[in-house]
Amino acid sequence: MMKNLGKMLAAGMAAAVLAQLPVTAMADQYADIMAAGKIRVATDLAIPPSGMLDDDLQPIGSDVETARLLAEDWGLELEFVETTGATRIPNLQTNKADIVISTLSVTPERAEVIDFSEAYAALRSVVGAPADSDISGWEDTQGLAISVTRGTTQDTHLTPQAAERGFTVTRYEDDATLVTAAVSGQAKAVATSETLVQQIGERNPQLAFEPKFTIETFDLAIGLRKNEPELKAKLDEWVETNLKNGKLNDIYEKYHGASLPEEMLQ
């Protein structure tokens, strides 16, 4: 009798513990997204040509079209969650967004807190400055103030090197503000994507900003929360399919004026 009572009590306690576990611990986010019929995508709409607003204030850009293609292929309504470089991952962690499609570079530091799909695009990170600036490598950055967008890979990469190499890091809250600072001559050098440097040059031909040297070439991938194997598998499959059929390359060419790296298309 006592043994049976002990077993009953133990079973009751175990059931109580399970009942108190968060539902999300055993959830399948892919199933939840499909059941809801909607996918919430965090995208920065202030980083042309990846994300921006047209004259009618409608989202356009390579990341915007990538998100639209995904939603269309999966038969889902698309909701954009506007974000900045610094809030992309927090939007995932606080469940404000289901995924991130927003020039999100794959880095070891980020991989510790979120998961990534297979790469759908690439980003060449550079130091840019006016054409007449005598800069060709890190050895020429001593004494410079290099401007970055807060929370980006450039911020993460440059900050630990600043004291050793003798430059300072100036941070702007979003890419639009960074571009404005460079176009106006306030920012003398920037660390950002090659595409953004080219746009700065086009907006102020007198300064003629141009890439001076490459920091690194990053894979861009879709960000998702940890421990969602079904969602990751479905995203990987979708990326692979649309790289092979050329749709992701078409989107990239349309907005960036160049093809994706050849190795991504094989």
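So, a few notes on the structure that sits alongside this text. As the structure is a computational prediction, the values presented were derived from the model and not from experiment.

Reading guide: rules and limits
Residues numbered from 1 in each chain as written. Predicted model: local features only at pLDDT ≥ 70, side-chain atom pairs only at ≥ 80, totals over all residues. Heavy atoms only, no water. Helix = DSSP H or I, 4+ residues; strand = E, 2+ residues; numbered from the N terminus. Buried < 20%, exposed > 50% of the residue type's maximum accessible area, 1.4 Å probe, protein only. Contact = heavy atoms within 4.5 Å. Areas by Shrake-Rupley, 256 points an atom, 1.4 Å probe, with all protein chains shown as cover. Phe/Tyr/Trp six-rings, centres within 6.5 Å; stacked < 30°, edge-to-face > 60°. Arc of directions from axis to C-beta. Core = buried A, V, L, I, M, F, W, Y, C linked by side-chain atoms within 4.5 Å.

The helix and strand tally for the protein stands at 12 helices and 10 strands. Among the 266 residues that make up the protein, the fraction classed as buried is 48%. Long-range contacts, defined as pairs at least 24 residues apart, comprise 68% of the intrachain contacts of the protein with a sequence gap of at least 6. As displayed, the protein offers around 13,600 Å² of accessible surface, 52% of which is attributable to carbon and sulfur atoms.

The full count for this structure, using the stated rule, is 3 aromatic pairs. With centroids separated by 6.0 Å and ring planes inclined at 20°, the aromatic side chains of Trp138 and Phe167 adopt a geometry described as stacked. Within this pair, whereas Trp138 is found in the loop between β6 (115–130) and β7 (145–149), its partner Phe167 is found in the loop between α7 (162–165) and β8 (168–172), the two being separated by 29 residues in sequence. In terms of burial, Trp138 and Phe167 fall into one category: buried. Through pairs of rings, three or more aromatic residues link up here, namely Trp138, Phe167 and Phe213.

This part is about helix α11 (residues 247–256). Among the residues of α11, Leu248, Asn249, Ile251, Tyr252, Tyr255 and His256 are the ones counted as buried. On an axial view of α11, the arc spanned by its buried residues comes to 160°, and they lie on one face. Following α11 by one or two positions, Gly257 adopts a phi angle in the positive range, close to 70°.

Cis rather than trans, the peptide bond between Pro48 and Pro49 has omega equal to 5°. Residue position: Pro49 is located in the loop between β1 (38–43) and β2 (52–53). Unlike most non-glycine residues, Asn95 shows phi in positive territory, near 60°. You will see that Thr103, though not glycine, has its phi angle at about 40°, which is positive. Thr103 sits in the buried class, given a relative accessible area of 15%.

What follows covers the environment of Val113. With respect to the element layout, Val113 can be found in the loop between α5 (108–111) and β6. For Val113, a relative accessible area of 39% gives the class partly exposed. When the C-alpha positions of Val113 and Arg225 are compared, they lie 7.8 Å apart, and in sequence the two are 112 residues distant. Setting aside chain neighbours within four positions, we find Val113 in contact with Ile89, Gln93 and Lys226.

Looking now at the nonpolar core. Ranked by size, the top nonpolar core spans 33 residues in total, and within it Ile39, Trp74 and Ile99 carry the most contacts. Those elements that place two or more of their residues in this core are α2 (29–36), β1, α3 (62–74), β6, β10 (209–224), α10 (229–244) and α11. Apart from the residues within four sequence positions on either side, Ile39 is in contact with Ile33, Leu70, Ala71, Trp74, Leu76, Glu77, Leu78, Glu79, Asp98 and Ile99. Counting 15 residues, the second-largest nonpolar core is a separate cluster that includes Leu158, Ala162, Val169 and Phe213.

The residue Thr66 is located in helix α3 in this model. A relative accessible area of 3% means that Thr66 is categorised as buried. Apart from residues no more than four positions distant in its own chain, Thr66 is found in contact with Ile101, Tyr120, Trp238, Leu248 and Ile251.

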